[in-house]
Amino acid sequence: MNVAAAVGAPSTPSMFAPVSTPAFAIRDLSFLVLAIVTFIFVVVAGVTVYAIIRYRRHPGDDGREPPQVYGSTQIELAWTVVPFLIVIVLFLTTTRYIFAIERPPATPDAVEVTVVGNQWWWEIRYPRLGIVTANELHVPVSDAGRPTPTVITLQSADVIHSFWFPQLAGKMDVIPGKINRTWIEPQTPGTYVGQCAEFCGVQHAWMLLTVTVHARDDFDRWVAAQRATAADLPEVRAGRDVFTSVACISCHSVRGTPGNGVFGPDLTHLMSRATIGAGVAANTPENLKAWVNDPAALKPGARMPAMKLSNDDLDRLVAYLVTLR
Ligand code: CUA
């Protein structure tokens, strides 16, 4: 399946197309390093090619070794001092950039998010806003008039994952028992793709993340919608009863129902998300039905068990789930 199509996102993310403060710095540093190593490559390859051509075996070569040069202080100084200076330049600039992007600019408007890596999905919490969602991060755009970086606290529920939005910031590992922090400050609204960047088991490749960068009012509207309790429509009561009477509720939460499990994604606003299974399929009623029936058919190894519901119960349940907007 085409990932970008599944999530309605732009093409494969490139760290050379940054849209966020730390990513701009990382691109600039990458260009500097690339320029230096390209120069070294051209010099070394050029001298090599020159030597190969100029000193190739000529007809009538008598096979004697050319004069050997030992102990030239000048040559030895040149090939010691120049590489040393190059290493110093790379070391100092890298250090400067690391310190520059280590912490977000202090601002009262920063959005706080906690992202928890799970095999194989991302829980996303906004502790100050009382929102819990999954796999699709939403943040406000940051403009010069009102800088609004998003500060991200990273935790793992199981193994080591790595949080990476190539266009937004560098990689940051997500380690059990340790709290890491990163931040982004996107300056262009849009949807950007991220991915777990540390092998974490069979479905590592399907630990997709997207971030949607909203204009400020759009973000406020998204927050208001996410804070609302779950829809509770009388016409899908039968499906809600299926949800609360089977094992769904031991892993999933839907605010306003007895479901308060925390092992799986919060489903309070399930239908606000574009995909299920962390990007594995578009979030459509047909795919939801297939997923609940047998998650492993879509995502082999998925931790969610097949629910073994009758077809009628499955239809009722899906009819309920699709009202969770
Ligand atoms: Cu999580 Cu790879």
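Residues numbered from 1 in each chain as written. Predicted model: local features only at pLDDT ≥ 70, side-chain atom pairs only at ≥ 80, totals over all residues. Heavy atoms only, no water.

J.: What am I meant to see in the overall build of the protein chain here?
T.: Of the regular secondary structure elements, the protein chain holds nine helices and 12 strands. Summarising its shape, the C-alpha atoms of the protein chain cover approximately 95 × 50 × 35 Å along the three principal directions. Counting over 325 residues, the protein chain shows a buried share of 40%. The long-range fraction of contacts in the protein chain, counting pairs at least 24 apart against all pairs at least 6 apart in sequence, stands at 63%. Put simply, the protein chain shows about 17600 Å² of open surface, and 62% of that area lies on carbon and sulfur atoms. Side-chain charges in the protein chain split into 26 positive and 27 negative, and the spacing between the mean points of these groups amounts to 2 Å. (Helix = DSSP H or I, 4+ residues; strand = E, 2+ residues; numbered from the N terminus. Buried < 20%, exposed > 50% of the residue type's maximum accessible area, 1.4 Å probe, protein only. Contact = heavy atoms within 4.5 Å. Areas by Shrake-Rupley, 256 points an atom, 1.4 Å probe, with all protein chains shown as cover. Lys, Arg positive; Asp, Glu negative; His and termini not counted. Charge placed at Lys NZ, Arg CZ, Asp CG, Glu CD.)

J.: Explanation requested: the sheet that holds strand E5 (residues 150–156) in the structure shown.
T.: By definition, the strands of a sheet pair up through backbone hydrogen bonds, in either a parallel or an antiparallel sense. Judged by pairing direction, the sheet is mixed, and its five strands sit side by side in the order E3-E2-E1-E5-E8 without closing on themselves. Two strands bound the open sheet, and with one partner strand each, they are strand E3 (131–134) and strand E8 (180–184). Strand-to-strand, the axes of this sheet are offset by a mean angle of 25 degrees, without reference to chain direction. Pairing between E5 and E8: five bridges, direction antiparallel. For Thr150, the partnering residue across the bridge sits in E8 and is Ile184. (Pairing = 2+ DSSP bridges. Axes fitted to C-alpha atoms, helices over the stretch in contact; angles between N-to-C directions.)

J.: What is the right way to look at the packing of aromatic side chains in this model?
T.: For any pair of aromatic rings, the description consists of the separation of the ring centres together with the inter-plane angle of the planes. Evaluation of the coordinates by the stated rule reveals seven aromatic pairs. Residues Phe16 and Phe31 carry aromatic rings whose centres are separated by 5.4 Å and whose planes lie at 25 degrees to one another, so their mutual orientation is stacked. Linking Phe16 in the loop between helix H1 (3–7) and helix H2 (21–54) with Phe31 in helix H2, this pair joins segments that are 15 residues apart in sequence. In this structure Phe31 comes out as partly exposed when scored by relative accessible area, which is 44%. (Phe/Tyr/Trp six-rings, centres within 6.5 Å; stacked < 30°, edge-to-face > 60°.)

J.: Could you clarify how one ought to interpret the pairing of strand E9 (residues 190–196) in this entry?
T.: Looking down a regular strand, the side chains alternate between one sheet face and the other. Across two bridges, the pairing between strand E6 (residues 161–164) and E9 is antiparallel. When the sheet's bridge partners are listed, Trp164 is paired in E9 with Gln195.

J.: I would appreciate a short explanation of the environment of Pro300 in the present structure.
T.: As for its placement among the helices and strands, Pro300 is situated in the loop between helix H8 (295–298) and helix H9 (311–321). As a C-alpha pair, Pro300 and Gly256 span 44 residues in sequence and 32 Å in three-dimensional space. In this view, Pro300 contacts Val202 and Gln203; residues no more than four positions away in its chain are not counted.

J.: I would appreciate a short explanation of the packing of helix H7 (residues 285–293) against H9 in the present structure.
T.: The geometry of a pair of packed helices is captured by two quantities: the angle between their axes and the separation between those axes. Across the interface, H7 lies against H9 with an axial gap of 10 Å and an inter-helix angle of 125 degrees. One finds that H7 runs oblique with respect to H9. Here the hand of the crossing between H7 and H9 comes out right-handed. Taking contact as the criterion, the partners of Pro285, Leu288, Lys289, Val292 and Asn293 in H7 are, on H9, Asn311, Leu314, Asp315, Leu317, Val318 and Leu321. Residue composition of the contact of H7 with H9, by class: seven nonpolar, two polar and two charged. (Parallel < 35°, antiparallel > 145°, perpendicular 65-115°, else oblique. Left-handed = near helix turned anticlockwise from the far one by under 90°. Nonpolar A, V, L, I, M, F, W, Y, C, P; charged D, E, K, R; others polar.)

J.: Quick question: what am I supposed to make of the pattern of salt bridges here?
T.: Opposite charge on two side chains allows them to pair when their charged atoms are near. Under the definition given, this model contains 11 salt bridges. The partner of Asp109 in a salt bridge is Arg146, with the nearest N and O atoms 3.2 Å apart. With Asp109 in the loop between helix H3 (73–102) and strand E1 (111–118) and Arg146 in the loop between strand E4 (136–140) and E5, this pair connects stretches of sequence that are 37 residues apart. Where Arg221 meets Asp218, a salt bridge forms, and the shortest distance between an N and an O atom there is 2.6 Å. Highlighted residues: Arg221 and Asp218, both in helix H4 (residues 216–227), separated by three residues, approximately one helical turn. According to the relative accessible area criterion, Arg221 is exposed, its value standing at 54%. Look at Asp218 and you get partly exposed, because its relative accessible area is 35%. Put simply, Asp232, Arg237 and Arg240 are held in one network by salt bridges that share partners. (Salt bridge = Lys/Arg side-chain N within 4 Å of Asp/Glu carboxyl O.)

J.: Would you take a moment to explain the pairing of E4 for this structure?
T.: With five of five residues buried, E4 lies mostly within the body of the structure. Because side chains alternate across E4, one face comprises the buried residues Glu136, His138 and Pro140, and the other comprises Leu137 and Val139, equally buried. Here E4 runs beside strand E10 (residues 208–214); their pairing, made up of five bridges, is parallel. Residue pairing for E10: Pro140 is matched across the bridge by His214.

J.: How should I be thinking about the state of the cysteines in this particular structure?
T.: Joining two cysteines, a disulfide is a covalent bond between their sulfur atoms. Within the structure shown, the criterion is met by zero disulfides. The structure places no disulfide on Cys248, whose sulfur is separated from the nearest cysteine sulfur, that of Cys251, by 9.0 Å. (Disulfide = S-S within 2.5 Å.)

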